[in-house]
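Coordinate inspection notes
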Amino acid sequence: MQAERKSETLTGWLLAAPLTLVLLFFLILPIAMIFVVSFWGATEFSIYPAFQFDNYQFLFSSPVTYQVFAKTFMYAGVTWACTLVIGFAVAHFLAFHVRSLTWQIALFLLCTIPFWTSNIIRMISWIPFLGRNGIANSTLMELGIIREPLEWLLYSDFAVILAFVHLYTLFMVVPIFNTMMRIDRSLIEAARDNGASGFQILTNVIIPLTKPGIMIGSIFVVTLVMGDFVTVRIMSGSQSANVGRLISNDIGLLQYPSAAATAMVLLATVLIMIAIMLRFVNIRKEL
Amino acid sequence: MRTEKDLELVALTKRYGDSLAVDSINHVFPAGGYVCLLGPSGCGKSSTLRMIAGHESVTEGSIVLEGAEIAHLPPARRGTAMMFQSYALFPHLSVEENVAFSLKMKGVDKATRLGRARELLELVDMTKFAGRLPAQLSGGQQQRVALARALITKPRVLLLDEPLSALDPFLRVRMRAELKKLQRELGILFIHVTHGQDEALALADQVVLMNVGRIEQAGTARDVFDAPRTEFVARFMGGHNIVGRPGERYAVRSDRVRLDRSAASGLRARVSGIEYQGASVHVALACPGEGELTAVLPDRDFFAAPLDPEAAVGVTWDPADQHRLGA
């Protein structure tokens, strides 16, 4: 009996070990390394181990940091709002208006088609569309809506957010759709039986019950946008910067300690944002 | 018996594509009655109920409540309220908010609607659970909340879709009694869909037995059980023996069958099984020419002169107890 219990304990540990090791080596250890390096010092040509707060001090005293963080929040906020509206609408359509499962699956797969190519390709494909002499401008000019090509279509915040929305809306659709599919259809009938109009059903039944999915989607989108740097670089034509680009620039200049400090601040910011979001909605039952 | 307050179905039909779910039924539900729509699954009873509620479109025919055609009205404006099979309580709202939901939809202010909800919760004896979420309630408690939510709209007809099927047998009997009591107190028409004939017999003033989209027989619970009109009714209600030749068949209640232990009179039969049921004893009989018959004997009669398996007996009944069956 004793031996059996002992072997059960051992089995338990052994079963948990692989995941623990993976997380330890590929998550905890790298973050710990970044944390340690963020206190190191650097000259133009070398970095040296130290324990100093110079990197953080510089980061928090530079107005650039605040501008860049503000920009990053702006990207995250606007992208979040756009993906939420589009994602909710698409998920609602798939879950409540498409009746047959076959069509649901077919349309759902249709949504994933953009993901069959890489991120960068999808972004770059916007360039001929949005460019000065691109399809959008020439069509608008032919239709006589504008006379001069619109300059803000490409290499602008508009382009950055457009690309973000394009890239990440699916991350909103999937969890919201998943939650909506679990809503008992008789609840909607019950609401109608109680005199709720279509809009009242949406605000009183569907949205409250879809909150966990909305929250999971929001976490995906916010973390992805907060951590991005490629989209911002390509779509803004290097004219805009977010925190990701700040880090990537530092790395390009071999300023690893400074990059590490910025990364730590970004990580803390994102964690705080997620913590706040989780306070509003309990997503546990979705997992 | 007809009053102006009746609910009447006129040639009510429901088609799903090519299949006919409800085949042009006509029926008058008396105001203030307890009516059970009874039948096997797929007989059209739920479709009928959902058409009355307005959750299913009517293919043809009309639904008339208190002299007004309601088939084209939205559910909430028909004067009906529905209690769903799984209760369909809103999981994110507390008990009192669930009950007050329809008032909230009408834009009644919070204090008034919660006050009304309290009154209804009092009616179903759930006041002390007002602040709980549905998931924190037992099945029977959820059902009471669902009842309160349906009744807050002051419906003239309450539609119950298999309301007891989600409960365990013990609770089912208790909630059954509560439903009946509530109906008597409120004096409104209850239409209760069920596939359990015992539930229908226990509750209904009127039983409407349906089969393949048609009403097979409608009448008081006693009429339907005592004098089944067709073989289907006799078999569905149970407790009947069906005897006779094709084209001329009769139903005889099992408890009206008498056994002649000397085997001198009646149909000759052999005892093929004996089941003790407490108050009664079910004797299965193999009868050449008639197949399996059942005799239900009071336990006292049986044990006064117990039968052995394989014993030969004569099966008799009073001719007044046999009912001719239609096709």
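From a predicted model like this one, the values you see are computed outputs, not experimental measurements.

Concerning the overall build of chain A
Regarding its fold elements, chain A presents 13 helices and two strands. Computed over its C-alpha atoms, the radius of gyration of chain A comes to 24 Å, more than 25% above the 19 Å expected for a compact globule of 287 residues. Overall size of chain A, expressed as C-alpha extent along the three principal axes, is 85 × 70 × 35 Å. Burial statistics for chain A: of 287 residues in total, 28% are counted as buried. Sequence-distant contacts in chain A: of pairs separated by 6 or more residues, those separated by 24 or more amount to 71%.

Side note on the UniProt feature "domain: ABC transmembrane type-1" (unreviewed entry) in chain A
Mapped onto this numbering, the UniProt entry annotates "domain: ABC transmembrane type-1" (unreviewed entry) at residues 69-277 of chain A. This span, residues 69-277 of chain A, is 78% helix and 0% strand, and a straight line between its end C-alpha atoms measures 19 Å.

Regarding the interface of chain A and chain B
Residue-level contacts link 14 residues of chain A with 16 residues of chain B. For the side of chain A that touches chain B, the element with the highest residue contribution is helix α9 (residues 185-193) of chain A, accounting for six residues. Split by residue class, the side of chain A that touches chain B holds six nonpolar, four polar and four charged.

Re the packing of helix α2 (residues 54-61) of chain A against helix α13 (residues 256-280) of chain A
Residue and element names in this part refer to chain A. Relative orientation of the contacting elements α2 and α13 amounts to 65 degrees, with a least axis distance of 9 Å. Taken as a pair, α2 and α13 cross one another with a handedness that is right-handed. For the pair α2 and α13, contact is made by Asn55, Tyr56 and Leu59 and by Pro257, Ser258, Ala261, Thr262 and Val265, respectively. Looking at the contact of α2 with α13 residue by residue, the classes come out as five nonpolar, three polar and no charged.

Section: the sheet that holds strand β14 (residues 267-276) of chain B
Residues and elements named next belong to chain B. Ordered by their spatial adjacency, five strands build an open sheet running β13-β17-β14-β15-β16, and the pairing between neighbours is antiparallel. The open sheet terminates on both sides in strands that have one partner only, identified here as β13 (258-260) and β16 (291-298). Between one strand and the next, the sheet's axes are offset by a mean angle of 45 degrees, whatever the strand orientation.

A short note on the confidence of the model for chain B
A residue-level look at chain B finds 99% of positions with pLDDT of 70 or above and a mean pLDDT of 90. Reported confidence for the predicted complex is 0.83 by ipTM and 0.83 by pTM.

The rules we used
Within each chain, residue numbers correspond to sequence positions counted from 1 in written order. Chains carry letters and ligands carry numbers; both start at the beginning, A for chains and 1 for ligands, and go up in the order they are written. Residues qualify for local features only when their pLDDT is at least 70, as the model is predicted, and side-chain atom pairs are given and counted only at 80 or more; totals for whole chains, interfaces and linings, by contrast, use all residues. Under the DSSP-based scheme used, a helix requires at least four consecutive residues in state H or I and a strand at least two consecutive residues in state E, with every element numbered from the N terminus. The quantity called the radius of gyration is restricted to C-alpha atoms. Its globule counterpart is 2.2 Å times the number of residues to the power 0.38. With C-beta atoms placed from the backbone, the exposure class of a residue follows from how many other C-beta atoms lie within 10 Å of its own: 20 or more, buried; 12 or fewer, exposed; in between, partly exposed. Throughout, a pair of residues is in contact if the C-beta atoms placed from their backbones lie within 7 Å. UniProt positions are given in the numbering used here, feature names are shortened, and annotations may be inferred rather than shown by experiment. Charged residues are taken to be Asp, Glu, Lys and Arg, nonpolar residues to be Ala, Val, Leu, Ile, Met, Phe, Trp, Tyr, Cys and Pro, and polar residues to be all remaining types, Gly included. Throughout, an axis means a line fitted to C-alpha atoms (over the contacting stretch in the case of helices), and angles, computed between N-to-C directions, take values from 0 to 180 degrees. Handedness of a crossing follows from how the near helix is turned relative to the far one, being left-handed for an anticlockwise turn of less than a right angle and right-handed for a clockwise one. Here, a strand pair is defined by DSSP locating no fewer than two bridges between the strands. Per-residue confidence from the predictor is reported as pLDDT, which spans 0 to 100.

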